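The primary structure of each chain is shown beneath.
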Amino acid sequence: EADIYQTPRYLVIGTGKKITLECSQTMGHDKMYWYQQDPGMELHLIHYSYGVNSTEKGDLSSESTVSRIRTEHFPLTLESARPSHTSQYLCASSARGLLTNNEQFFGPGTRLTVL
Amino acid sequence: GENVGLHLPTLSVQEGDNSIINCAYSNSASDYFIWYKQESGKGPQFIIDIRSNMDKRQGQRVTVLLNKTVKHLSLQIAATQPGDSAVYFCAEKQDSSYKLIFGSGTRLLVRP
């Protein structure tokens, strides 16, 4: 089992609410990632971080924002949730080194439903 | 947004048979490939990986084959068990990047 945690696991919220999805890892990994995944579909990278104070947008445009103030913590925030944000959000982390195999370890995901 | 996975290919096998799941990857410059297993309601779990300088790698009951000529990756599961039922994703990566590019998944159903 990977030591990467996400909370909440499930969230049902009304339109317009601000939400923060939490992700923490205890492996000391410097790389962290957020993916969005609709049921049965592929994973789309929406944010990533190379380390503290580093954040980058991923390949899929997202209205969410992220921060990386501590190595182990990579929260994702939606300022104003909309039904189109309904999806599963997966957090992952990987160890340093471009030439290592860089396996990504995934958390259990947060399933978000916006009414 | 929320989509139904109507386009997810499905492989149905009898318990005890061997399974072969295929993946066509997109970038001939990719150096590293991974297979992930994702059970319902969970995040993807690492199964096996392979680097581009290899064409075969074996694990416990699983084998990954890489054909760089046709950009094809396959996952073979021996003696498939009910616990193998899940969605399987391949992913590729270049050594110059930390990002994994995921393919569309294949749902494996194991019939008892």
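For the structure itself, look to the data block above.
Parameters and conventions
- Residues numbered from 1 in each chain as written.
- Chains lettered and ligands numbered in written order.
- Predicted model: local features only at pLDDT ≥ 70, side-chain atom pairs only at ≥ 80, totals over all residues.
- Heavy atoms only, no water.
- Helix = DSSP H or I, 4+ residues; strand = E, 2+ residues; numbered from the N terminus.
- Rg over C-alpha atoms; globule rule 2.2 N^0.38 Å.
- Buried < 20%, exposed > 50% of the residue type's maximum accessible area, 1.4 Å probe, protein only.
- Contact = heavy atoms within 4.5 Å.
- Areas by Shrake-Rupley, 256 points an atom, 1.4 Å probe, with all protein chains shown as cover.
- Lys, Arg positive; Asp, Glu negative; His and termini not counted.
- Charge placed at Lys NZ, Arg CZ, Asp CG, Glu CD.
- Polar contact = N/O pair within 3.5 Å; in protein donor to acceptor, adjacent residues only side chain to side chain.
- Disulfide = S-S within 2.5 Å.
- Pairing = 2+ DSSP bridges.
- Phe/Tyr/Trp six-rings, centres within 6.5 Å; stacked < 30°, edge-to-face > 60°.

Undergrad: Teacher, can you tell me more about the overall build of chain A here?
TA: Each helix and strand counted, chain A has zero helices and eleven strands in total. Ordered by position in the sequence, the α and β elements of chain A form the string β-β-β-β-β-β-β-β-β-β-β. Over its C-alpha trace chain A gives a radius of gyration of 13 Å, about what one expects of a compact globule, namely 13 Å for 115 residues. Dimensions of chain A, computed from the C-alpha atoms along their principal axes, are close to 45 × 30 × 25 Å. Across the 115 residues of chain A, 48% fall into the buried class. In chain A, the share of contacts with a sequence separation of at least 24, taken over all contacts with a separation of at least 6, comes to 55%. Of the accessible surface of chain A, which amounts to about 5,200 Å², a share of 53% is contributed by carbon and sulfur atoms. Averaged over its 10 positive side-chain charges, chain A has a centre that lies 6 Å from the centre of its 12 negative ones.

Undergrad: Explanation requested: the environment of Thr86(A) in the structure shown.
TA: All names here are of chain A. Checked against the element boundaries, Thr 86 lands in the loop between strand 8 (76–78) and strand 9 (87–94). Judged by its relative accessible area of 8%, Thr 86 is buried. Taking C-alpha positions, Thr 86 is 16 Å from Thr 65, a pair spaced 21 residues apart along the chain. At 3.0 Å, the side chain of Thr 86 forms a polar contact with the backbone oxygen of Pro 83. Engagement of the side chain of Thr 86 in a polar contact is seen with the backbone nitrogen of Val 114, the distance being 2.9 Å.

Undergrad: Even after reading the chapter, I still don't get the state of the cysteines, so can you show me in this structure?
TA: Here, disulfide denotes a covalent bond that connects the sulfur atoms of two cysteines. This model, assessed by the stated rule, comprises two disulfides over all chains. Through a disulfide, Cys23(A) is tied to Cys91(A); the S-S separation comes to 1.9 Å. An S-S torsion of about -75° defines the bridge between Cys23(A) and Cys91(A) as left-handed. Of the two residues, Cys23(A) sits in strand 3 (residues 19–25) while Cys91(A) sits in strand 9, which places them 68 residues apart along the sequence. Given the relative accessible area of 0%, Cys91(A) is considered buried. In this model Cys23(B) forms its disulfide with Cys90(B); the gap between the sulfur atoms is 1.6 Å. You can see Cys23(B) sitting in strand 2 (residues 19–24) and its partner Cys90(B) sitting in strand 8 (residues 86–93), a full 67 residues away along the chain.

Undergrad: Got a minute to help me understand unusual backbone geometry in this structure?
TA: Outside of glycine, negative phi angles account for most residues, and trans bonds account for most peptide bonds. The omega angle of the peptide bond from Thr7(A) to Pro8(A) is -10°, so this bond is cis rather than trans. Summarising the element assignment, Pro8(A) is placed in the loop between strand 1 (4–7) and strand 2 (10–13). Of note, the phi angle at Arg61(B) is positive, near 65°, even though the residue is not glycine. Among the secondary structure elements, Arg61(B) is positioned in the loop between strand 5 (56–58) and strand 6 (62–67). Here Arg61(B) falls in the partly exposed class, since its relative accessible area comes to 29%. The backbone of Ala79(B) shows a phi angle near 50°, a positive value even though the residue is not glycine. Structurally, Ala79(B) can be placed in the loop between strand 7 (72–77) and strand 8.

Undergrad: What is the right way to read the side chain of His29(A) from this model?
TA: All names here are of chain A. Among the structural elements, His 29 can be located in the loop between strand 3 and strand 4 (31–37). We classify His 29 as buried; its relative accessible area is 8%. Not counting chain neighbours up to four residues away, the residues in contact with His 29 comprise Arg 68, Thr 71, Ser 93, Ser 94, Ala 95 and Phe 105.

Undergrad: Which parts of the structure should I look at to understand the sheet that holds strand 3 of chain A?
TA: Within a beta sheet, neighbouring strands are joined by backbone hydrogen bonds and run either parallel or antiparallel to one another. Residues and elements named next belong to chain A. Taken together, four strands build an open sheet; the order of strands is 1-3-8-7 and the sheet is antiparallel. Two strands close off the open sheet at either side, each with one partner strand: strand 1 and strand 7 (65–66). Bridge analysis of strand 1 against strand 3 gives four bridges, and the strand direction is antiparallel. The residue bridging Thr 7 from the neighbouring strand is Glu 22, located in strand 3.

Undergrad: Can you walk me through the packing of aromatic side chains in this structure?
TA: The way to describe two aromatic rings as a pair is by their centre distance and the angle between their planes. Throughout the structure, instances matching the rule amount to eight aromatic pairs over all chains. With 5.3 Å between their ring centres and 85° between their planes, Phe106(A) and Tyr36(B) make a pair best called edge-to-face. One end of the pair, Phe106(A), is in strand 10 (residues 105–106); the other, Tyr36(B), is in strand 3 (residues 32–38), on a second chain. For the pair shown, Phe106(A) and Tyr36(B) are each scored as buried. Ring centres 5.9 Å apart and planes at 75° place the aromatic pair Phe106(A) and Phe102(B) in the edge-to-face group. Of the two residues, Phe106(A) is situated in strand 10 and Phe102(B) in strand 9 (residues 101–102); the pairing between them involves two chains.

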